[in-house]
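Working through the structure, step by step
In case you want the letters, here they are:
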Amino acid sequence: MDQATQNTLQRVWTLVASVLGGLAALPGFVRGWLPGPVLARAFRELRQGESAARRAIAVLAQEVPEARHKTPTHLPEPRPLGATAQTPADPHKPHAAPLAFVLSDPMPDPLVLAGLKGGEGPQSPIVSTGAERPATGLKARMAALQAVLDDPT
């Protein structure tokens with residue numbers, strides 16, 4: 001990797017760190033509730049940081065030699081529909097894995113955005129009212145981006 005690429009990557013990681021630092025400093029972030037417009041703006045800023053991190057990961061991936069894996073000889077058995085990951089300790093309790101950094105930006109449901117369908121959970125649009133909304137989704141995505149910042153390889 002040449003010096004110009006290394007300098008550019010360093011700038012990208014500095015930008016990502018500053019986005020995370022700025023979002024963590026928002027008033028109300030520590031207690032987990034932000035006003036709707038502030039939360040909407042926070043998600044816009046976070047998406048820019050995630051986008052920069054994705055581009056940096058793509059540049060880093062070009063430097064990694066191609067891995068040689070054996071071709072599988074058979075396909076694994078299909079799981080039943082609706083199956084969830086199980087923890088070995090308690091097979092009846094679904095395993096809650098931490099949110100991983102997604103290398104593609106998920107698209108929201110256009111029917112929810114248009115107001116033609118009720119949105120529940122993370123797909124629901126952030127309204128522009130001043131009402132406070134929980135910031136748990138924002139915190140989870142920030143934690144995933146922080147994990148990439150800690151170890152981008």
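Structure's up top.
Report follows, based on the coordinates. Just so you know, the residues in each chain are numbered from 1, in the order the chain's sequence is written. Totals for whole chains, interfaces and linings use all residues, but because this is a predicted model, local features are given only for residues with pLDDT of at least 70 and pairs of side-chain atoms are given and counted only at 80 or more. Excluded from the side-chain calculations are hydrogens and water; all other atoms, namely the structure's heavy atoms, are used.

**What to know about the overall build of the chain**
Secondary structure elements are defined from DSSP: runs of H or I of at least 4 residues count as helices, runs of E of at least 2 residues count as strands, and each element is numbered from the N terminus. The helix and strand inventory of the chain stands at four helices and two strands. The order of α-helices and β-strands along the chain, N terminus first, is α-β-α-α-β-α. Counting every position in the chain, which comprises 153 residues, the buried fraction comes to 24%. For the chain, the accessible area works out to roughly 11200 Å², and carbon and sulfur atoms hold 61% of it. Each residue is assigned to one of three classes by its accessible area relative to the maximum for its type, calculated with a 1.4 Å probe on protein chains only: buried under 20%, partly exposed between the two thresholds, exposed over 50%. The method behind every accessible area is Shrake-Rupley, applied with a 1.4 Å probe, and residues are considered shielded solely by the protein chains displayed.

**As for the packing of aromatic side chains**
Paired rings are identified among Phe, Tyr and Trp, the last through its six-membered ring, by centres lying within 6.5 Å, and are further divided according to the angle between planes into stacked (under 30 degrees), edge-to-face (over 60) and tilted (the rest). Summed over all chains, the structure comprises zero aromatic pairs. Two conditions define a charge located above a ring, namely a distance within 6 Å from the ring centre to NZ of Lys or CZ of Arg, and an angle within 35 degrees of the ring normal. Between the NZ or CZ atom of Lys139 and the centre of the ring of Phe29, over which it lies, the distance is 5.0 Å.

**Points about the packing of helix 1 (residues 3–24) against helix 2 (residues 36–63)**
Axes here refer to lines fitted to C-alpha atoms; in helices the fit is confined to the stretch in contact. Angles between the N-to-C directions go from 0 to 180 degrees. As a packed pair, helix 1 and helix 2 sit with axes 9 Å apart at the nearest point and diverge in direction by 155°. Considered as vectors, helix 1 and helix 2 are oriented roughly antiparallel to each other. Here the hand of the crossing between helix 1 and helix 2 comes out left-handed. Together, Thr5, Leu9, Val12, Trp13, Leu15, Val16, Val19, Leu20 and Leu23 of helix 1 and Ala42, Glu45, Leu46, Gly49, Ala52, Ala53, Ala56, Ile57, Val59 and Leu60 of helix 2 make up the contact between the two elements. Polarity classes work like this: nonpolar for Ala, Val, Leu, Ile, Met, Phe, Trp, Tyr, Cys and Pro, charged for Asp, Glu, Lys and Arg, and polar for all others, with Gly in that last group. In terms of residue class, the contact of helix 1 with helix 2 is built from 16 nonpolar, two polar and one charged. What sets the label is the angle itself: under 35 degrees gives roughly parallel, over 145 gives roughly antiparallel, 65 to 115 gives roughly perpendicular, and the rest give oblique. The crossing is said to be left-handed when, going from far helix to near helix, the turn is anticlockwise and less than a right angle, and right-handed when the turn is clockwise. Contact definition: two residues touch when any of their heavy atoms are within 4.5 Å.

**Considering the environment of Val12**
As for its placement among the helices and strands, Val12 is situated in helix 1. Sequence-wise, Val12 and Gly49 are 37 residues apart; in three dimensions their C-alpha atoms are separated by 8.7 Å. Among residues more than four places away in sequence, those in contact with Val12 are Ala52 and Ala56.

**Thoughts on the nonpolar core**
What is meant by a nonpolar core is a set of buried Ala, Val, Leu, Ile, Met, Phe, Trp, Tyr and Cys residues, joined one to another through side-chain atoms within 4.5 Å. The biggest cluster of nonpolar side chains holds 26 residues, and the ones touching the most others in it are Trp13, Val16 and Leu138. Taken together, the elements giving at least two residues each to this core come down to helix 1, helix 2 and helix 4 (136–150). The leading source of residues in this core is helix 2, at nine residues. Excluding residues that lie within four positions of it along the chain, Leu138 makes contacts with Phe29, Leu34, Leu39, Ala42, Phe43 and Leu46.

**Focus on the environment of Gln48**
With respect to the helices, strands and loops of the structure, Gln48 is situated in helix 2. C-alpha separation for the pair Gln48 and Val16, spaced 32 residues apart in sequence, amounts to 8.5 Å.

**Section: helix 1**
Over its 22 residues, helix 1 runs 32 Å from end to end, which matches the ideal 32 Å to within 8%, given 1.5 Å per residue. Listed as buried for helix 1 are Leu9, Val12, Trp13, Val16, Val19, Leu20 and Leu23. Each buried residue of helix 1 sits inside an arc of 115° when the element is viewed along its axis, so together they form one side. Across helix 1 from its buried face, at more than 90 degrees, point the exposed residues Gln3, Gln10 and Arg11. Packing partners of the buried residues in helix 1 comprise helix 2 and helix 4. Multiplying 1.5 Å by the helix residue count minus one yields the expected span of that helix. The arc in question is the one spanned by the directions pointing from the helix axis to the C-beta atoms.

**Observations regarding helix 4**
The terminal C-alpha atoms of helix 4 lie 21 Å apart, and with 15 residues this matches the ideal 21 Å at 1.5 Å per residue to within 8%. For helix 4, the set of buried residues is Leu138, Met142, Ala144, Leu145, Val148 and Leu149. One side of helix 4 holds all its buried residues, which, seen down the axis, span an arc of 160°. Those residues of helix 4 that are exposed and aimed more than 90 degrees away from the buried face are Thr136 and Asp150. On its buried side, helix 4 packs onto helix 1, strand 1 (33–35) and helix 2.

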